[in-house]
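# Survey of secondary and tertiary structure
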Amino acid sequence: MELDERKEKILYAIIKTYLDTGEPVGSRTISKFTDLNLSSATIRNEMSDLVDMGYIIQPHTSAGRIPTDKGYRFYVDNMLKDKLKELDQREKTVKEQEKRLIEKVDKVETLMQTMANKLALDTNYATMVSSEKTGGNKIKFIQLSILDSHQLLCTVVSDKNHVVNKIVKVKEDMNQEMIVRLNVAMNTALAGLSLEEINLGVISALSSQAGEYENLVNESLKAITEAISTEDQMKIYTSGATNIFKYPELSDKERASQLLNTLEEKTQLTELMNEGDEETGIQVYIGDETPVQSMKNCSVVTASYELEDGFKGTIGIIGPKRMDYEKVVNTLRLLKEELSATLNDEENNNE
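Okay, so let's go over this structure.

About the criteria used
- Residues numbered from 1 in each chain as written.
- Predicted model: local features only at pLDDT ≥ 70, side-chain atom pairs only at ≥ 80, totals over all residues.
- Heavy atoms only, no water.
- Salt bridge = Lys/Arg side-chain N within 4 Å of Asp/Glu carboxyl O.
- Helix = DSSP H or I, 4+ residues; strand = E, 2+ residues; numbered from the N terminus.
- Buried < 20%, exposed > 50% of the residue type's maximum accessible area, 1.4 Å probe, protein only.
- Core = buried A, V, L, I, M, F, W, Y, C linked by side-chain atoms within 4.5 Å.
- Contact = heavy atoms within 4.5 Å.
- Expected span 1.5 Å × (residues − 1).
- Arc of directions from axis to C-beta.
- Polar contact = N/O pair within 3.5 Å; in protein donor to acceptor, adjacent residues only side chain to side chain.
- Pairing = 2+ DSSP bridges.
- Axes fitted to C-alpha atoms, helices over the stretch in contact; angles between N-to-C directions.
- Phe/Tyr/Trp six-rings, centres within 6.5 Å; stacked < 30°, edge-to-face > 60°.
- Lys NZ or Arg CZ within 6 Å of the ring centre and 35° of its normal.

Within this structure, the stated rule accounts for eight salt bridges. The closest approach of N and O atoms between Lys-9 and Glu-5, which form a salt bridge, is 3.7 Å. Within this pair, Lys-9 and its partner Glu-5 are both found in helix 1 (residues 5-21), separated by four residues, close to a single helical turn. On the accessibility criterion, Lys-9 (35% relative accessible area) is partly exposed. For Asp-77, the salt bridge is made with Arg-73, and the minimal N-O distance between the two is 2.9 Å. Within this pair, Asp-77 and its partner Arg-73 are both found in helix 4 (residues 69-123), separated by four residues, close to a single helical turn.

The structure is reproduced here in structure tokens:
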């Protein structure tokens, strides 16, 4: 005799109830499970079959039933299968989210460079556009997957759907059952937490659950920390560097060379990437006010922007002190609006 769907449900109900109470389970208790919708008599007949099949036993006459080792084995095996199915589905969802995010990031990066090029063409000045993700990242989902006996793939998804994969090397031989348990434990303990919230208490509780696999938890936590902490990376796009040669006061060979190097290397440009004026979001640096040494003979006008999905950054124009400030400020204002509208339109078209 094989277990049909009804017998499986009754067996699950008996085991779950017994796990909660530690008392033998009767047919009346099982009949209260709303998803069964069976009479006590029908349940008794099914329970009798389950006894004959060796999944449950009746410890005393007129007492309820309790699971046998065979019953527990059936429950555990099927529970793990269900968990694996759930994890597989989550993995598919994560991959879909990762694909959509990569597509959006690619669009943002392409748009940023296009904006820098357009701005340089329209103004005849050097331009820069930065893009980054806002901080405060929290863990949305973690999944460990076996690559081989001593290597795992740790997939971390942040609350902003940023996906990072890290290889974790372990000394212990791993099996799928242990990985499922660790996945459940780690997601239960860490989902919704930021790095600052993963304290010693959380780590200690996880290590205790992991037992002999404590080293695996520690290695996974390192991967998680690296994955979330590296999410905030600023990218800077520049254009129109050669426009500076159009202005005699900036075309001195040594000064121009320093300015070109700054625009090419980009590392010093982060000093210009601030929030700007609180009211307008626009900041104007004139001569020595500029924090970048190679731009002390220039004026720099920057405008901060912030978009949906945590993208924010700065748009900047670098030119001579005699630049057309009114035109530059108006251009930046219009560009901020255009940038926001373009990304929002793309997002709506993809829905």
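Another point: the nonpolar core. Counting residues in each nonpolar core, the largest one holds 37 residues, and the members touching the most others are Leu-272, Met-295, Ile-315, Ile-318 and Leu-332. Mapped onto this core, the elements with two or more residues apiece are helix 4, strand 3 (126-133), strand 7 (235-239), helix 8 (253-265), strand 8 (282-286), strand 9 (298-306), strand 10 (311-320) and helix 9 (325-350). Look past the residues within four positions of Ile-318 in its chain and what remains in contact with it is Tyr-125, Ala-126, Met-128, Leu-263, Met-295, Cys-298, Ser-299, Val-300 and Met-323. Residues Ile-139, Val-156, Ile-179 and Ala-185 belong to the second largest nonpolar core, which totals 26 residues.

Attention now moves to helix 8. In a regular helix each residue adds 1.5 Å, so 13 residues correspond to 18 Å; helix 8 covers 18 Å between its end C-alpha atoms and thus fits that length. Listed in full, the buried residues belonging to helix 8 are Ala-256, Leu-259, Thr-262 and Leu-263. One side of helix 8 holds all its buried residues, which, seen down the axis, span an arc of 125°. Exposed residues lying more than 90 degrees from the buried face of helix 8 are Lys-253, Glu-254, Glu-264 and Glu-265. Positive backbone phi, approximately 75°, marks Lys-266, located one or two places after helix 8.

Right, let's get into the environment of Thr-123. With respect to the helices and strands, Thr-123 occurs in helix 4. Looking at Thr-123, the relative accessible area reads 7%, which means it is buried. Separated by 205 residues in sequence, Thr-123 and Val-328 have C-alpha atoms that sit 7.4 Å apart. When near neighbours in sequence (up to four residues on either side) are disregarded, Thr-123 contacts Tyr-247, Ile-317 and Thr-331. A distance of 2.7 Å separates a polar atom in the side chain of Thr-123 from the backbone oxygen of Leu-119. Among the polar contacts made by the side chain of Thr-123, one reaches the main-chain amide nitrogen of Tyr-125 at a distance of 3.2 Å.

Structurally, Asn-78 is set in helix 4. Reaching out from Asn-78, the side chain makes a polar contact with the backbone oxygen of Phe-74 at a distance of 2.8 Å.

Between its first and last C-alpha atoms helix 3 (residues 40-52) spans 18 Å; for 13 residues at 1.5 Å apiece the expected length is 18 Å, and the two agree. Residues of helix 3 that are buried in the fold lie against helix 1, helix 2 (27-31) and strand 1 (56-57). Just past helix 3, the residue Gly-54 takes up positive phi, approximately 90°.

Overall, antiparallel pairing links the three strands, which are arranged 4-5-6 in an open sheet. Taken across any chain shown, the strands that pair with only one partner, and hence form the sheet edges, are strand 4 (139-148) and strand 6 (163-169). Along the sheet, successive strands turn relative to each other by an average axial angle of 20°, direction set aside. One ladder, built from seven bridges, connects strand 5 (residues 151-158) with strand 6; its direction is antiparallel. Looking across to strand 6, one finds that Val-156 is bridged to Val-164. Helix 5 (residues 176-190) rests against strand 4 and strand 5 of the sheet, and its axis sits at about 165° to strand 4.

Peptide bonds are trans in most cases, and residues, glycine excluded, mostly fall at negative phi. At Asn-124, a residue that is not glycine, the phi angle is positive and equals roughly 65°. Relative to the helices and strands, Asn-124 resides in the loop between helix 4 and strand 3.

Within the structure shown, the criterion is met by four aromatic pairs. Look at Tyr-12 and Tyr-75: their rings are 5.4 Å apart centre to centre, the planes differ by 65°, and that puts the pair in the edge-to-face class. Here Tyr-75 lies in helix 4 and Tyr-12 lies in helix 1, a separation of 63 residues in the sequence. Here Tyr-12 and Tyr-75 have matching classes, each one buried. Summarising the aromatic geometry, the rings of Tyr-125 and Tyr-247 are spaced 5.7 Å apart at their centres and angled 35° between planes, so their arrangement reads as tilted. Of the two residues, Tyr-125 sits in the loop between helix 4 and strand 3 while Tyr-247 sits in the loop between strand 7 and helix 8, which places them 122 residues apart along the sequence. You'll find Tyr-125 and Tyr-247 in the same group, each marked buried. Above the face of the Tyr-55 ring, Lys-70 is positioned so that its terminal group lies 4.6 Å from the ring centre.

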